[in-house]
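Below, each chain spelled out in residue letters.
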Amino acid sequence: MNLNYFDYKYSFPLESGESLPGFRLAYTTRGTLNSDQSNVVWVCHALTGNADAGDWWGGMVGPGKYYDPERKFIICANVIGSCYGSTGPLSVNPATGRAYHHDFPMITVRDMVAALDLLRQELGIEKIHACIGGSVGGEQALEWAILQPNLIENLVLIAASAIASPWCIAFNEAQRMAIEADPTWAEQRDDAGLAGMKAARAMAMISYRNYDTYGFTQALDNNEQLDGFKAAGYQRYQGEKLADRFNAFTYWVLSKVMDSHNVGRNRGSILNALGQVKARTLVVGIRSDLLFPPSEQQFLARHIPNAFYEEIDSLYGHDGFLIEFKPLTGIIRKWMASAASAAVVPTANSLLDSNQSVK
Ligand SMILES: CC(=O)SCCNC(=O)CCNC(=O)[C@H](O)C(C)(C)COP(=O)(O)OP(=O)(O)OC[C@H]1O[C@@H](n2cnc3c(N)ncnc32)[C@H](O)[C@@H]1OP(=O)(O)O
Ligand SMILES: N[C@@H](CCO)C(=O)O
């Protein structure tokens with residue numbers, strides 16, 4: 001695996017109307033690029049992921065895995081706004097000589113993709129054989145396929161959506177309220193709001209998992225227990241675990257990225273935007289996903305022109321995309337092996353279909 005940095009040294013306009021005075025992207029590559037560039041796999045990471053797909057997606061990327069560097073040239077970049085080597089709120093703002101902290105501008109999935117595309121151009125890559133992502137990673141892959149319809153040949157969207165649901169935004173706002181409630185949040189230091197972020201992550205875990213996940217993994221120790229429940233310890237542990245590798249500013253900015261996701265923005269409608277995708281598309285839903293429920297992926301599959309829909313079971317809900325390597329590999333392998341077959345999409349209508357306000 002090679003870890004590299006791409007420095008873009010020009011003003012980078014953002015959807016919000018603000019701009020960044022340039023940016024850095026940390027990215028990794030695995031394998032060797034073919035002479036005809038036919039083996040490019042671009043992996044887009046989710047909320048708290050990093051550029052090393054072989055680390056956080058080890059069951060999908062690596063020697064002997066479906067995305068094997070022996071055959072594929074696999075790229076993954078840490079998105080702008082994050083904290084794993086790319087420009088984000090803890091980076092130094094050249095205008096002040098201090099970290100951006102609260103002043104980091106609002107960014108969107110489209111901004112992330114615009115930055116990824118500048119990296120692609122820098123690398124001289126003219127086509128992407130497969131672009132894949134789960135959750136916010138899937139949103140990036142989808143935006144890219146809309147922004148550049150001839151770039152991506154095969155698009156794999158897992159546990160992703162066309163637009164952030166009010167439910168998802170509500171979860172994120174509750175988490176930001178937890179950060180705001182931390183008295184250190186107003187301070188100009190890298191660890192400001194960290195206790196709030198721990199609480200935020202604990203809230204988020206409830207949306208990433210579900211009733212059964214907790215029931216199976218955090219069952220009571222005995223019938224006599226009054227306190228000290230495993231589920232409570234787990235919530236606290238997950239907050240601590242994230243605090244060891246993340247910060248509240250980045251968490252805040254990326255949760256806002258999730259909220260603003262809407263492929264229909266400035267494109268007339270969501271259906272119009274999805275209709276622009278030319279890539280052969282596989283959409284995968286996770287039956288137990290509470291945060292991005294399968295109805296959202298079914299909606300994508302119904303309205304992306306050449307899309308195929310599959311669903312997997314997982315004890316882990318939304319986080320299943322980070323864990324269920326075997327079914328994901330099986331589905332992707334089968335779909336890639338099939339010729340460009342006729343689109344098979346579910347017929348049931350979802351809330352999104354009937355909600356005219358989002359079309
Ligand atoms: C630099 C980096 O680390 S890059 C970041 C890598 N992560 C990403 O890219 C983001 C995506 N990854 C994730 O979100 C997660 O890692 C997932 C979803 C893949 C897996 O989640 P995990 O938290 O590892 O799994 P799970 O929910 O089973 O929790 C297991 C952990 O909780 C601990 N735990 C379980 N039950 C309890 C409990 N009752 N009380 C306290 N701790 C508990 C386990 O000991 C284990 O700890 P460990 O992670 O230190 O080994
Ligand atoms: N567990 C995932 C959830 C968001 O998809 C993450 O931390 O990135």
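What you see is a predicted model; the values in this text were computed from it and never measured.

Turning our attention to the site of ligand 1. Looking at ligand 1, there are 18 residues lining it, with Arg209, Gln218, Tyr234, Tyr237 and Lys241 nearest. Lys230 has a polar backbone atom sitting 2.9 Å from a nitrogen atom of ligand 1. A distance of 2.8 Å separates an oxygen atom of ligand 1 from a polar atom in the side chain of Gln238. The fraction of the free accessible surface of ligand 1 (1,000 Å²) that becomes covered by protein chains is 61%. If you list the elements that add at least two residues to the shell around ligand 1, you get α1 (53-56) and α7 (230-243). Residues of the shell around ligand 1, tallied by class, amount to five nonpolar, six polar and seven charged. Two domains each donate at least three residues to the shell around ligand 1, and these are domain 1 (4-164 + 262-340) and domain 2 (169-256).

Here the structure, examined in full by the defined rule, presents 17 salt bridges. Note that Arg176 is salt-bridged to Glu173, the shortest N-O span being 2.8 Å. With Arg176 and Glu173 both in helix α4 (residues 166-180), this residue pair falls three residues apart, about one helical turn. Looking at Arg176, the relative accessible area reads 2%, which means it is buried.

This brings us to the sheet that holds strand β9 (residues 128-134). Taken in spatial order, the eight strands line up as β1-β4-β6-β5-β9-β10-β11-β12 in an open sheet, and their pairing is mixed. Unpaired on one side and paired on the other, β1 (2-8) and β12 (307-312) mark the two borders of the sheet. Pairwise comparison of adjacent strand axes, ignoring direction, gives a mean angle of 20° for this sheet. Those strands touched by helix α3 (residues 136-147) are β5 (40-44), β9 and β10 (152-158), and its axis lies near 150° from that of β10.

Moving on, we come to the UniProt feature "binding site: substrate" (unreviewed entry) in the protein. The feature "binding site: substrate" (unreviewed entry), as given by UniProt, occupies Arg201 and Asp319 in the numbering adopted here. Of the residues just listed, which span 119 residues, no C-alpha pair is farther apart than 13.2 Å, and they cluster in one region. The subset of the named residues that lines the largest pocket consists of Arg201 and Asp319. Considering the arrangement of structural elements, one finds Arg201 in helix α5 (residues 194-208). On the accessibility criterion, Arg201 (10% relative accessible area) is buried. If near-sequence neighbours (up to four positions away) are discounted, Arg201 is found in contact with Thr48, Tyr208, Gln238, Gly239, Leu242, Arg245 and Tyr251. Checked against the element boundaries, Asp319 lands in the loop between β12 and α11 (325-337). The class of Asp319 is buried, set by a relative accessible area of 10%. Apart from residues no more than four positions distant in its own chain, Asp319 is found in contact with Met205, Tyr208 and Arg209.

Inspection of the region around ligand 2 gives Ala46, Leu47, Thr48, Ser135, Arg201, Tyr208, His318, Asp319, Phe321 and Leu322 as its neighbouring residues. Leu47 is positioned with one of its backbone polar atoms (N or O) 3.4 Å from an oxygen atom of ligand 2. Arg201 is positioned with one of its side-chain polar atoms (N or O) 3.0 Å from an oxygen atom of ligand 2. Here ligand 2 occupies the largest pocket. Here the shell around ligand 2 is composed, by residue class, of five nonpolar, three polar and two charged.

Criteria and thresholds
Residues numbered from 1 in each chain as written. Chains lettered and ligands numbered in written order. Predicted model: local features only at pLDDT ≥ 70, side-chain atom pairs only at ≥ 80, totals over all residues. Heavy atoms only, no water. Near = heavy atom within 4 Å. Polar contact = N/O pair within 3.5 Å; in protein donor to acceptor, adjacent residues only side chain to side chain. Areas by Shrake-Rupley, 256 points an atom, 1.4 Å probe, with all protein chains shown as cover. Helix = DSSP H or I, 4+ residues; strand = E, 2+ residues; numbered from the N terminus. Nonpolar A, V, L, I, M, F, W, Y, C, P; charged D, E, K, R; others polar. Domains from an automatic or database assignment. Salt bridge = Lys/Arg side-chain N within 4 Å of Asp/Glu carboxyl O. Buried < 20%, exposed > 50% of the residue type's maximum accessible area, 1.4 Å probe, protein only. Pairing = 2+ DSSP bridges. Axes fitted to C-alpha atoms, helices over the stretch in contact; angles between N-to-C directions. Contact = heavy atoms within 4.5 Å. UniProt positions renumbered as here; feature names shortened; annotations may be inferred. 1 Å grid on protein atoms, 1.4 Å probe; cavity = no way out; pocket = protein on both sides within 12 Å on 5 of 7 lines; lining within 4 Å. Sits in = over half its atoms within 2 Å of the grid points.

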